Amino acid sequence: MRITGYRTLRTVHHWNRPVGDANGVVAAGVTEVPVVLVETDGGLTGVGLGVHAEADRIFPALDGQDPRAVTALYDRMLAHTFKSGHAGTAFGTIGAFDMALWDLKAKMAEEPLWRTLGAADRFVPGYASGLDIALDEGELVRLYSGWAERGFTGAKVKGGLDADRDIERLAAVAEVLRANTRSPALMLDVNESWGRHEAVRLLARIEDRVELTWIEEPVRRWDVPGHREVARAARAAVASGENLTGLEQFHALLAADALQVVQTAGVWGITHFLRVATLAHGHDLPVSPVGYHANPLAHAAAAVPNHLVTEVQDIGSPVGITVDQVIADGGVVLGDAPGLGITVDESAVAGLDRTAGWSHPGGPHVRPPDAGLRLVPGTGPRGAKEVTP
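Rules used throughout
- Residues numbered from 1 in each chain as written.
- Predicted model: local features only at pLDDT ≥ 70, side-chain atom pairs only at ≥ 80, totals over all residues.
- Heavy atoms only, no water.
- Helix = DSSP H or I, 4+ residues; strand = E, 2+ residues; numbered from the N terminus.
- Buried < 20%, exposed > 50% of the residue type's maximum accessible area, 1.4 Å probe, protein only.
- Contact = heavy atoms within 4.5 Å.
- Areas by Shrake-Rupley, 256 points an atom, 1.4 Å probe, with all protein chains shown as cover.
- Core = buried A, V, L, I, M, F, W, Y, C linked by side-chain atoms within 4.5 Å.
- Expected span 1.5 Å × (residues − 1).
- Arc of directions from axis to C-beta.
- Phe/Tyr/Trp six-rings, centres within 6.5 Å; stacked < 30°, edge-to-face > 60°.
- Pairing = 2+ DSSP bridges.
- Axes fitted to C-alpha atoms, helices over the stretch in contact; angles between N-to-C directions.
- Left-handed = near helix turned anticlockwise from the far one by under 90°.
- Nonpolar A, V, L, I, M, F, W, Y, C, P; charged D, E, K, R; others polar.
- Polar contact = N/O pair within 3.5 Å; in protein donor to acceptor, adjacent residues only side chain to side chain.
- Parallel < 35°, antiparallel > 145°, perpendicular 65-115°, else oblique.

Caption draft 1: Looking closely at the overall build of the protein chain. Along its length, the protein chain carries 12 helices and 17 strands. With respect to the principal axes defined by its C-alpha atoms, the protein chain has extents near 60 × 45 × 40 Å. Burial statistics for the protein chain: of 389 residues in total, 57% are counted as buried. Partitioning the contacts of the protein chain with sequence separation of at least 6, the portion at a separation of at least 24 is 72%. As presented, the protein chain carries roughly 15,400 Å² of accessible surface, and 51% of it is formed by carbon and sulfur atoms.

Caption draft 2: Summary view of the environment of glycine 159. In this fold, glycine 159 is placed in the loop between β7 (154–158) and α6 (163–177). For the pair glycine 159 and aspartate 132, spaced 27 residues apart in sequence, the C-alpha to C-alpha distance is 8.6 Å. Discounting residues that sit within four places of it in the chain, glycine 159 has contacts with Ala22, Ile133, Asp166, Leu188, Asp189, Val190 and Ser193.

Caption draft 3: Looking closely at the nonpolar core. Counting 106 residues, the largest nonpolar core has Leu49, Phe97, Tyr144, Trp194, Leu212 and Ile270 as its most contacted members. Take this core: its biggest share by element is 11 residues, from helix α3 (residues 88–108). Sequence-distant contacts of isoleucine 270, that is, excluding residues within four places in its chain, are made with Asp98, Met99, Trp102, Leu113, Leu117, Pro296, Leu297, Ala300 and Leu340. One finds Tyr127, Ala237, Ala239 and Val261 within the second-largest nonpolar core, a separate group that totals 7 residues.

Caption draft 4: How the structure looks around helix α7 (residues 196–207). Here α7 contains 12 residues, and its C-alpha end-to-end distance of 17 Å stays within 8% of the 16 Å for a straight helix at 1.5 Å per residue. Among the residues making up α7, those that are buried are Glu198, Ala199, Leu202, Leu203, Ile206 and Glu207. Angularly, the buried residues of α7 cover 145° about the axis, an arc narrow enough to put them on a single face. Residues of α7 that are buried sit in contact with α6, β8 (185–189), β9 (214–216) and α8 (224–233).

Caption draft 5: Structural detail: the packing of aromatic side chains. Evaluated as defined, the whole model comprises 6 aromatic pairs. When the ring of tyrosine 6 is compared with that of phenylalanine 59, the centres are 4.9 Å apart and the planes differ by 50°; the resulting orientation is tilted. Here phenylalanine 59 lies in the loop between α1 (55–58) and α2 (70–80) and tyrosine 6 lies in strand β1 (residues 3–14), a separation of 53 residues in the sequence. The exposure class assigned to phenylalanine 59 is buried, which follows from its relative accessible area of 9%. Judged by centre distance (5.0 Å) and plane angle (75°), the ring pair of tryptophan 147 and phenylalanine 152 falls under edge-to-face. Neither tryptophan 147 nor phenylalanine 152 differs from the other in exposure class; each is buried. Among the aromatic side chains, those forming a connected cluster through ring pairs are Tyr6, Phe59 and Phe97.

Caption draft 6: Here's a closer look at the sheet that holds β1. Taken in spatial order, the 3 strands make up an open sheet running β1-β4-β5, and their pairing is antiparallel. Two strands in the sheet have a free side with no partner beyond their single neighbour: β1 and β5 (45–49). Strand-to-strand twist of the sheet, defined as the mean angle between neighbouring strand axes without regard to direction, takes the value 25°. With 11 bridges joining them, β1 and strand β4 (residues 30–40) adopt antiparallel strand pairing. The residue bridging histidine 14 from the neighbouring strand is valine 30, located in β4. Sheet contacts for α3: β1, β4 and β5; angle to β5, the most-contacted strand, approximately 145°.

Caption draft 7: Broad picture of the packing of α6 against α7. Two elements in contact, α6 and α7, have axes separated by 10 Å at closest approach and are oriented at 35°. Regarding α6 and α7, the two cross each other, and that crossing is right-handed. Two secondary-structure elements touch here, α6 through Ala163, Asp164, Asp166, Ile167 and Leu170 and α7 through Leu202, Arg205 and Ile206. Tallied by class, residues from the contact of α6 with α7 come to 5 nonpolar, no polar and 3 charged.

Caption draft 8: Main features of the side chain of aspartate 132. Relative to the elements of secondary structure, aspartate 132 occurs in the loop between β6 (123–129) and α5 (137–149). The exposure class assigned to aspartate 132 is buried, which follows from its relative accessible area of 0%. Polar side-chain contacts of aspartate 132 include one of 2.6 Å to the side chain of tyrosine 144. Beyond its immediate chain neighbours, meaning those up to four positions away, aspartate 132 contacts Gly20, Leu140, Leu143, Tyr144, Lys156, Val157, Lys158 and Arg169.

Caption draft 9: Expanded view of the packing of α2 against helix α10 (residues 270–282). Relative to each other, α2 and α10 sit at 100°, their axes nearing to 10 Å. As far as their axial angle goes, α10 and α2 are roughly perpendicular. Packed against α2, whose contacting residues are Val70, Thr71, Tyr74 and Asp75, the element α10 presents Thr271, His272 and Arg275 at the interface. Partitioning the contact of α2 with α10 into residue classes produces 2 nonpolar, 3 polar and 2 charged.

Caption draft 10: Quick peek at α8. Of the positions making up α8, those classed as buried are Val224, Gly226, His227, Val230 and Ala231. On an axial view of α8, the arc spanned by its buried residues comes to 165°, and they lie on one face. Measuring from the backbone nitrogen of glycine 226 back to the side-chain oxygen at the start of α8 gives 2.8 Å, which picks out aspartate 223 as the cap.

This is how it looks when you write it as structure tokens:
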């Protein structure tokens, strides 16, 4: 079987609430979801989710190749971007193609990807994460009550703008999760919104009131001394890595013992996750995938020995996408459908309004000018004022 072409499309996800973090909020709660479909001469189609802006440039590395050679093709795509570099949208495109190739490999074997990767158990432990910074306390409680009903014992709250508010919100979520455990796992994600001058001070203030499992992205993603300083001062673990594009970007952080939980983003693909997990395992560190639509990394997470827990962001799926998995018992229960178990109904996607997007100037993918430069609590994330009661 050979790769013959690809198609791209975009669907949307309806969160039915504002979503965002310290950097900004998508008030309408509707975001775009890019999809790439890799075609073969055998009639099978591989599905990959994530940005594919560089598809025309990268696809020649795959054209005519046997899709079963996934890891070799991953390196071939990296080599194809050698001169210009593989960061940013190029790395995202490689990740989307890589996801589609793994989907094809498992479909050719007529088994779910978790089986192809060697996992013994279809259950993947998870934690709830609501992209929830725009929600008031009542809305927050209602959101996490739904997660508690599905058996979750851990949750990640978005914060970083106001330590007092973060403390109150963490305490409220903890109370909800005590329905399932007397000691919930609480994570705080500040999305690189702190500078070194405030990270240690604000975290100490929060930890005086709340027991944190980890603090996520307390400083800029590449700041090795900053992460190490926070790690030495905190009782909680320091988690980061979702925005690092390439195995080489993890080396300095791990060599400096600056991380205690190693993360990867779903949009960077399955091969990247597997390699980061191996690197982390070599340092006796756990790995934790950051959530994305349809939880595509859950299959790979089930197969690595140092998986800690997977972020689960929503129980629903984007328009036109169905997934063979169930969110229950505090995690993801993977199904038996071949490949990733993701099915795309292109007729349902046709004609959708695609103006929604994370890249809105007030959204969380645009860093505000005062990030890391605040002396007093912030007034709230950009875009939140667009929320209507």
